[in-house]
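# Structural features, examined
Now for the letters of each chain:
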Amino acid sequence: MSSDALADYVVFVRTGDRKRAGTDANIRVILHGNTGLKTEKIHLHHVLKNDFECGQVDEFDIQNQRDVGTVVKIELWRDNFGLGSRWYCDYVIVKKKGHETEFSFPIFRWIKADVHYMFRQNDTMLPQQDPMAEQRWKELKSKKKKYEVAQKFPNGPAQRVSDD
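This section reports on the structure supplied with the text. This is a predicted model, so every value here is computed, not measured.

Calculation rules
Residues numbered from 1 in each chain as written. Predicted model: local features only at pLDDT ≥ 70, side-chain atom pairs only at ≥ 80, totals over all residues. Heavy atoms only, no water. Helix = DSSP H or I, 4+ residues; strand = E, 2+ residues; numbered from the N terminus. Buried < 20%, exposed > 50% of the residue type's maximum accessible area, 1.4 Å probe, protein only. Contact = heavy atoms within 4.5 Å. Areas by Shrake-Rupley, 256 points an atom, 1.4 Å probe, with all protein chains shown as cover. Lys, Arg positive; Asp, Glu negative; His and termini not counted. Charge placed at Lys NZ, Arg CZ, Asp CG, Glu CD. Pairing = 2+ DSSP bridges. Axes fitted to C-alpha atoms, helices over the stretch in contact; angles between N-to-C directions. Phe/Tyr/Trp six-rings, centres within 6.5 Å; stacked < 30°, edge-to-face > 60°. Salt bridge = Lys/Arg side-chain N within 4 Å of Asp/Glu carboxyl O.

## A short note on the overall build of the protein
In terms of regular secondary structure, the protein is built from one helix and 10 strands. Order of helices (α) and strands (β) in the protein, N terminus to C terminus: β-β-β-β-β-β-β-β-α-β-β. Its C-alpha atoms give the protein principal-axis dimensions of roughly 70 × 40 × 20 Å. When the 164 residues of the protein are sorted by exposure, 36% land in the buried category. Excluding contacts between residues fewer than 6 apart, the proportion of contacts in the protein whose partners are at least 24 apart in sequence is 65%. Here the protein has roughly 10,400 Å² of accessible surface; of this, 49% comes from carbon and sulfur atoms. Measuring between centres, the 27 positive side-chain charges of the protein sit 8 Å from its 24 negative side-chain charges.

Structure (structure tokens):
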């Protein structure tokens, strides 16, 4: 496979079935292959269609992208566009047209604005074996800060330290 070979893909994205899980933000993805090649930034969008609504599966036909071989990871992010820009993604499935193999990427999390998340195919592993440990540590640090409490006056109740 030459580095200038092109392929067509189908990308399925399921937005979670949670309160305010849908988004009006712009969602983008980059497909990374086992050969070290990656696609250009792909804007997942349908004209005149309300994409990424709560509990909905959206299908995107992606044409004339670099053939990356076997898709082993994806880079996924959103911007902060629109009033309802929060987004909870359940999963992303990628299929290369003309092939039967599906590449599954379980997400099951809120996607923060302007944070590029990397997800490996079938993203399951022990934390000590995670090749993207830095991303994992950033998420844990953020959660720790979110749930930090302190006693703000003697014999008082514990209260959240920050109001993010």
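## What to know about the sheet that holds strand β2 (residues 27–33)
The strand order across the open sheet formed by four strands is β3-β2-β5-β8, and the pairing between neighbours is antiparallel. What marks the edges here is a single partner per strand, and that holds for β3 (42–44) and β8 (117–120). The mean angle between the axes of side-by-side strands here comes to 30°, regardless of whether they run parallel or antiparallel. Taken together, the three bridges between β2 and β3 define a ladder with antiparallel strand orientation. Its bridge partner being in β3, valine 29 is matched across the sheet by isoleucine 42.

## Some points on the packing of aromatic side chains
Working definition: an aromatic ring pair is given by the centre-to-centre distance plus the angle between the planes. The full count for this structure, using the stated rule, is four aromatic pairs. When the ring of phenylalanine 52 is compared with that of tryptophan 87, the centres are 5.4 Å apart and the planes differ by 70°; the resulting orientation is edge-to-face. Pair noted here: phenylalanine 52 is in the loop between β3 and β4 (57–66) and tryptophan 87 is in the loop between β5 (71–78) and β6 (88–96), with a separation of 35 residues, a long-range link. Owing to a relative accessible area of 2%, phenylalanine 52 belongs among the buried residues under this scheme.

## A look at the pairing of β2
Most of β2 is tucked away, with six of its seven residues classed as buried. Here seven bridges tie β2 to β5, and the two strands are oriented antiparallel to one another. When the sheet's bridge partners are listed, valine 29 is paired in β5 with leucine 76.

## Focus on the pattern of salt bridges
Overall, the coordinates contain five salt bridges when judged by the stated rule. The residue lysine 49 makes a salt bridge to aspartate 58 at a minimum N-O spacing of 2.9 Å. Taking the shortest distance from any N to any O, the salt bridge between aspartate 61 and lysine 97 comes out at 3.5 Å. Here aspartate 61 is found in strand β4, whereas its partner lysine 97 is found in the loop between β6 and β7 (102–110), with 36 residues between them in sequence. The network of salt bridges with common partners includes Lys49, Asp51 and Asp58.

Function-wise, these values are silent; they only describe arrangement.
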